[in-house]
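# Survey of secondary and tertiary structure
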Amino acid sequence: MSLEQLRELERAYVVPTYVRNAVEFVRGEGVLLWDSEGNEYLDFLAGISVLNVGHCHPRVVAAVREQVGRLTHTSNLYYTEPAMRLAKALSESSLRGKVFFVNSGAEANEAALKLARRAKPGGEVVVLHDAFHGRTFGALSATPQEAKQAPFAPLVPGFVAVPKQPDALAQAVGPQTAAVLLEPIQGEGGVLPLSEELLSSARELCDRHGAALIFDEVQTGMGRTGTLWAYEQTGVVPDALTTAKALGGGLPIGALVTGPRLADVFRAGDHGSTFAGGPLVCAAALEALSICSDPQLLERVAALGERFMHALSELPFVTAVRGRGLLVGAECAAGVSAVELARRALHEQRLVINATGPTSLRLEPPLIVTEAQIDEAVERLRRLVP
Ligand SMILES: *Cc1c(COP(=O)(O)O)cnc(C)c1O
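Residues numbered from 1 in each chain as written. Predicted model: local features only at pLDDT ≥ 70, side-chain atom pairs only at ≥ 80, totals over all residues. Heavy atoms only, no water.

## A look at the site of the ligand
Convention followed: Consider each residue's heavy atoms; a residue with any of them within 4 Å of a molecule or strand counts as near. By the criterion applied in these results, polar contacts are pairs of N or O atoms within 3.5 Å in which, for protein atoms, one can donate a hydrogen and the other can accept it, and in which residues neighboring in sequence qualify only through two side-chain atoms. Secondary structure elements are defined from DSSP: runs of H or I of at least 4 residues count as helices, runs of E of at least 2 residues count as strands, and each element is numbered from the N terminus. Basically, the charged four are Asp, Glu, Lys and Arg, the nonpolar ten are Ala, Val, Leu, Ile, Met, Phe, Trp, Tyr, Cys and Pro, and anything else, Gly included, counts as polar.
As a matter of local geometry, the ligand sits amid Ser104, Gly105, Ala106, Asn109, Phe132, His133, Gly134, Glu183, Asp216, Val218, Gln219 and Lys245. Between the ligand and the protein, one listed contact pairs an oxygen atom with a side-chain N or O atom of Lys245 at 2.6 Å. Ranked by residues supplied to the shell around the ligand, first place goes to helix α5 (residues 105-119) with 3 residues. When grouped by side-chain class, the residues that make up the shell around the ligand number 3 nonpolar, 6 polar and 3 charged.

Printed below as a string of structure tokens:
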């Protein structure tokens, strides 16, 4: 089928929520992608930070191949070994509490919101400006962006959005607060790291008022910032975290991971999901988590991130670079459209990146990227704006 035929099918049969680029990808390996015409691309988006282990990582492929021919689904009425082993691995790699499996980032945050409400009935949830927590009604209600929320009003009540300042947070958090939900680095907002001061004041306010501090690590987790979880670099330990995107090594799985205090708040029947924690996705996630936990890989992510950010900051059209590890945002000079730049990078330089705002580029390659590939990506960007 030609690309034009695919576009015709989309126009006729697919709900028009996405603005797709006119490229059909047919194969991926590591940091590389190939389109239907045989062109090779450098993937510096990784499916929006899903392919942290790279496309078709051999260990993930082997685990999925083995599991898909053995058992793919049972429902949560029964036991399977991959789910129980993954719960243990996730808990021991982070907050040492318990795990609730889901199928996506939004669902992970829905579970976290329900958990916080269950722990403090009727309590409010405080979120931050520029946050993104997902598109379902609860997660959308926690995403204070006018354009995303307004068409779907009324939203879920009980959410309070505040500016990213400790004093604003202090005014909003009180005995009525069930949770403060935040991303340690705001990904969709444009790769905006939160200040240490804001994070430690969030921790202190939650402790004082018996509220749950929840980190949405859907984008920052799984090694993306140079530690398995971004909270490890903040000096603040949350009461729960959410993960998804890279957890399944390319397959759809998410999880809510609690610390000890919230581990037994949910009771039988409080929450559930038919697909969640299935043996196929859990077998993939066990491999992805193990790959992303490798201390040598994580050390490389930190070093590669510094090399990348430094090189980007020297590009003539870049005015500021933000991020940590391989979660990188580049701010373009006024008059340079990041949206147009990302489109041209794809078609003219075969470099896959995306724009999070009118002048903000987001770059998040697989964590297995090489120094040479980082330098090549920067060179391709340089060629775009002579
Ligand atoms: C992508 C993302 C989500 C939503 O994940 P989905 O799998 O698209 O539902 C939530 N929070 C953050 C921080 C994200 O980056």
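## A word on the sheet that holds strand β4 (residues 99-102)
Going by this rule: Strands are labelled as partners when DSSP assigns at least two bridges between them. Only the stretch in contact is used when a helix axis is fitted, and all axes are lines through C-alpha atoms; the angle between N-to-C directions ranges over 0 to 180 degrees.
What the 7 strands build is an open sheet, ordered β4-β12-β11-β10-β7-β5-β6; its pairing is mixed. With partners counted over all chains shown, the strands left at the sheet margins are β4 and β6 (159-162), one partner each. Across the sheet, the mean angle separating the axes of adjacent strands is 20 degrees when strand polarity is ignored. Pairing analysis gives 3 bridges linking strand β5 (residues 124-128) to strand β7 (residues 177-182), with the strands arranged parallel. Counted as the bridge partner of Glu124 is Thr177 from β7.

## What about a nonpolar patch on the surface?
Our working rule: Patch membership requires over 30% relative accessible area and the absence of a salt bridge. Like charges are linked within 9 Å, and nonpolar side chains (Val, Leu, Ile, Met, Phe, Trp, Tyr) within 5 Å. Exposure was quantified through the Shrake-Rupley algorithm and a 1.4 Å probe, taking into account, for residues, occlusion by the shown protein chains and nothing else. Here a salt bridge means any side-chain nitrogen of Lys or Arg lying within 4 Å of a carboxyl oxygen belonging to Asp or Glu. Residue exposure (1.4 Å probe, protein chains only): buried if accessible area is under 20% of the type maximum, exposed if over 50%, otherwise partly exposed.
There is a patch of nonpolar side chains on the surface, built from Met1, Leu9, Tyr13 and Val14 and spanning about 480 Å² of accessible area. Structurally, Tyr13 can be placed in helix α1 (residues 3-13). With relative accessibility at 68%, the residue Tyr13 sits in the exposed group.

## Considering the nonpolar core
Across soluble globular proteins, nonpolar side chains have a tendency to be buried as a group. To keep it simple, the criterion reads: What makes a nonpolar core is a set of buried Ala, Val, Leu, Ile, Met, Phe, Trp, Tyr and Cys residues whose side-chain atoms join them at distances within 4.5 Å.
Among the nonpolar cores identified, the biggest contains 84 residues, and Phe44 and Leu169 are the most heavily contacted of them. When residues of this core are assigned to their parent elements, the largest contribution, 10 residues, is made by helix α10 (residues 279-292).

## Points about the side chain of Thr143
Which entries qualify depends on this criterion: The criterion used for residue contact is that any of the two residues' heavy atoms lie within 4.5 Å.
Relative to the assigned elements, Thr143 resides in the loop between α6 (137-141) and α7 (146-149). Classification of Thr143 by relative accessible area gives buried; the value is 0%. At a separation of 2.9 Å, a polar atom in the side chain of Thr143 contacts the main-chain amide nitrogen of His133. Apart from the residues within four sequence positions on either side, Thr143 is in contact with Ala131, Phe132, His133, Gly134, Lys148 and Gln149.

## Describing α5
What counts is decided by this rule: What a helix is expected to span follows from its residue count: subtract one and scale by 1.5 Å.
For α5, spanning 15 residues, the distance from its first C-alpha to its last is 21 Å, which sits close to the expected 21 Å at 1.5 Å a residue. Among the residues of α5, Gly105, Ala106, Ala108, Asn109, Glu110, Ala111, Ala112, Leu113, Leu115 and Ala116 are the ones counted as buried. The N-capping residue of α5, defined by a side-chain oxygen 3.2 Å from the backbone nitrogen of Glu107, is Ser104.

## Focus: the pattern of salt bridges
This model, assessed by the stated rule, comprises 24 salt bridges. For Lys164, the salt bridge is made with Asp130, and the minimal N-O distance between the two is 2.8 Å. With Lys164 in the loop between β6 and α8 (166-172) and Asp130 in the loop between β5 and α6, the pair connects residues that are 34 residues apart, well separated along the chain. Lys164 sits in the partly exposed class, given a relative accessible area of 27%. The structure contains a network of salt bridges with shared partners spanning Arg203, Asp207, Asp239 and Arg261.

## Some thoughts on the domain arrangement of the chain
How we decide: Where each domain starts and ends follows an automatic or database-derived domain assignment. What gets called buried area is simply the loss in accessible area from a 1.4 Å probe that two parts show on being joined, summed for both.
Split by domain assignment, the chain resolves into domain 1 (3-56 + 295-384) and domain 2 (71-292). Centre-to-centre, using C-alpha coordinates, domain 1 lies 26 Å away from domain 2. Taken together, the contacts link 25 residues of domain 1 with 25 residues of domain 2. Of the roughly 2,100 Å² buried where domain 1 meets domain 2, counting both sides, 60% is carbon and sulfur surface. Inspection of the domain 1/domain 2 interface yields 1 salt bridge. A salt bridge links Glu188 to Arg362; the nearest nitrogen and oxygen atoms lie 2.6 Å apart. Looking at the side of domain 1 that touches domain 2, the elements with two or more residues in it are α2 (46-49), α11 (295-313), β13 (318-324) and β14 (327-332).

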